[in-house]
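One letter stands for each residue in the lines below.
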Amino acid sequence: MSNLYGIAVKTHSGHPVTKPLFYYQKYDDFLNHNRIFPETILEIGTFEGESTKILSAAFPGSKILSLDLHIRLIDFSARRERKPTERLQNFGSSVSHH
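Residues numbered from 1 in each chain as written. Predicted model: local features only at pLDDT ≥ 70, side-chain atom pairs only at ≥ 80, totals over all residues. Heavy atoms only, no water.

K.L.:
Outline the packing of aromatic side chains, listing residues and values.
P.N.:
Scanning all chains against the criterion turns up 3 aromatic pairs. Aromatic side chains Y23 and Y27 sit 6.3 Å apart centroid to centroid with 45° between the ring planes, which places their arrangement in the tilted category. In this pair, Y23 and Y27 both sit in helix α2 (residues 21-33), 4 residues apart, roughly one turn of the helix. With a centroid separation of 6.3 Å and 80° between ring planes, the pair formed by Y24 and Y27 is classed as edge-to-face. You can see Y24 and its partner Y27 sitting in helix α2, 3 residues apart, about one turn around the helix. Among the residues examined, Y24 registers a relative accessible area of 2% and is labelled buried. We classify Y27 as partly exposed; its relative accessible area is 35%. Among the aromatic residues, those joined into a ring-pair cluster are F22, Y23, Y24 and Y27. (Phe/Tyr/Trp six-rings, centres within 6.5 Å; stacked < 30°, edge-to-face > 60°. Helix = DSSP H or I, 4+ residues; strand = E, 2+ residues; numbered from the N terminus. Buried < 20%, exposed > 50% of the residue type's maximum accessible area, 1.4 Å probe, protein only.)

This is the structure we're talking about:
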């Protein structure tokens, strides 16, 4: 069973632009109800990677594909996981707004 919400509660920054906690509860309910254990996760709209880190902790065996128009490097230095970056691919764009 997924513990996505429990991990989110412990690590959520509360920053106003990050995903609100109730989304993680909804995801958890859906995944657990349907007995889904994702092998690959597509995350669209990564911002600073807070939800990417939460997903990585909740699903350590899953590969995560992260997309954002203005992709930033995601800092996993606080994580004890050996090499989360082996499971993470970031794709972004260098779109300039004139």
